[in-house]
Amino acid sequence: MTMLEVNGLGKAFTIHHLNKTILAVDEIQFSVHAGEFLGIIGKSGSGKSTILKSIYRTYLSDAGQIIYDSKQFGKIDLIQASEREIIFLRKNEIGYVSQFLNVMPRTTCRELVQNALLEMGETKETARIETEKALSYFEMDEGLWDSYPNTFSGGEKLRLNIAMATVKKPRLLLLDEPTASLDQQSKRKVREMIEKLKQQGTTLVGIFHDIEFMEGLCDKVFDMKSNEMSVVLEGVPHES
Ligand SMILES: Nc1ncnc2c1ncn2[C@@H]1O[C@H](COP(=O)(O)OP(=O)(O)OP(=O)(O)O)[C@@H](O)[C@H]1O
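Calculation rules
- Sequence order as written defines residue numbering, which begins from 1 separately in each chain.
- The model is predicted, so local features are restricted to residues of pLDDT at least 70 and side-chain atom pairs to those at 80 or more, both for listing and for counting; the totals for chains, interfaces and linings are taken over all residues.
- No hydrogens and no water enter the side-chain calculation; it runs on all heavy atoms of the structure.
- Nearness here has a simple test: a residue counts as near a molecule or strand if at least one of its heavy atoms is within 4 Å of that partner.
- Identification of polar contacts relies on pairs of N or O atoms within 3.5 Å, with a donor-acceptor requirement for protein atoms, meaning one able to donate a hydrogen and the other able to accept it, and with residues adjacent in sequence counted only if both atoms are side-chain atoms.
- Secondary structure counts use DSSP, requiring at least four H or I residues in a row for a helix and at least two E residues in a row for a strand, with both numbered from the N terminus.
- Under the scheme applied here, ten amino acids are nonpolar (Ala, Val, Leu, Ile, Met, Phe, Trp, Tyr, Cys and Pro), four are charged (Asp, Glu, Lys and Arg), and all others, including Gly, are polar.
- Partly exposed residues are those whose accessible area sits between 20% and 50% of the maximum for their type, while under 20% is buried and over 50% is exposed, using a 1.4 Å probe and protein chains only.
- Contact definition: two residues touch when any of their heavy atoms are within 4.5 Å.
- Here, strands pair whenever DSSP counts at least two bridges between them.
- What counts as an axis is a line fitted to C-alpha atoms, over the stretch in contact for a helix, and the angles between N-to-C directions run from 0 to 180 degrees.

Draft legend 1. Examining the site of the ligand more closely. In the vicinity of the ligand there are 13 residues, among which Ser44, Gly45, Lys48, Ser49 and Thr50 approach most closely. At 2.5 Å, a side-chain N or O of threonine 50 approaches an oxygen atom of the ligand. One of the side-chain N or O atoms of tyrosine 59 is found 3.0 Å from a nitrogen atom in the ligand. Elements with a contribution of two residues or more to the shell around the ligand: strand 1 (2–15) and helix 1 (48–56). Sorting elements by how many residues they give to the shell around the ligand places helix 1 first, with 3 residues. Grouping the constituent residues of the shell around the ligand by class yields 4 nonpolar, 7 polar and 2 charged.

Written as structure tokens, this is what we have:
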């Protein structure tokens, strides 16, 4: 079953003060089946993050279609979807993790993870238990659970980000360099979690500078250089 189909995706940015337009991505085409992991590779500035942000609708694309098979809405074009539909999908079906923590101010680490579960309808008790499990799993120091994350280290912020997104067991998970500032032990944890989610049917699209991290995780690779998708048979996908 195709979970995500990107057809002819294009996105340009207008830089007003320079009076110029940058074509960030053009004619992007790929598809991902349920439970598959698609890795996007390509050099810096080639448009990898723009693709993920277009899927999550942080950016509104200028051309093409992004057809997502939603549990709630059936097949839906994420470019045409209403704000209300996008908010629902972000709460319930589609997760996004980047290197940057962008969260409600004056909300503790524990509350952030709990709120993610409460907004998808979990009971307070389940949210409490699952939150503690997720924070322990990603080895967040218990002394930080009731602190505000603005003072957290880069790695702590990242682990919180990943905990918030994965605790919801999203149907589609978008990973934009989620292991950027993590140590080997934390990377292993993230990898294990990705494997677990895959087994549970989560579909993933991810970008990793650390190509070795992708080894054995990705089923397919989309190469920005050739604008083509290939199936990973064995080994490590090559950087373009
Ligand atoms: N919000 C924006 N406004 C203007 N230009 C942007 C914006 N976002 C991205 N771009 C431009 O679009 C192009 C693609 O950027 P993008 O971040 O998608 O690349 P990337 O492949 O993810 O890069 P990296 O690997 O360095 O993170 C770049 O030239 C970038 O400067």
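Draft legend 2. Quick peek at the side chain of serine 61. Mapping serine 61 onto the fold places it in the loop between helix 1 and strand 4 (63–70). A relative accessible area of 9% places serine 61 in the buried class. Every residue in contact with serine 61, bar those within four places of it in the chain, is listed here: Leu9, Gly10, Lys11, Ser54, Ile66 and Ile79.

Draft legend 3. Main features of the pairing of strand 1. Pairing of strand 1 with strand 2 (residues 20–33), which is carried by 10 bridges, proceeds in the antiparallel orientation. When the sheet's bridge partners are listed, glutamate 5 is paired in strand 2 with serine 31. Once strand 1 ends, the chain turns through 4 residues before running back antiparallel as strand 2, passing asparagine 19 with a positive phi of about 55 degrees. Relative to strand 4, strand 1 runs antiparallel, the two sharing 5 bridges. Opposite valine 6, over in strand 4, you have isoleucine 66 as the bridge partner.

Draft legend 4. Expanded view of the sheet that holds strand 3 (residues 37–41). With respect to topology, 6 strands assemble into an open sheet ordered 6-7-8-3-9-10, the strand pairing being mixed. Only two strands of the sheet have a single partner each, and these edge strands are strand 6 (94–97) and strand 10 (228–231). For this sheet, the mean inter-axis angle between neighbouring strands, taken without regard to orientation, is 15 degrees. Of the strand pairs in this sheet, strand 7 (residues 172–176) and strand 8 (residues 203–207) are connected by 5 bridges, and their pairing is parallel. Looking across to strand 8, one finds that leucine 174 is bridged to valine 205. Packed onto the sheet, helix 5 (residues 154–166) meets strand 6 and strand 7 and runs at close to 175 degrees relative to strand 6.

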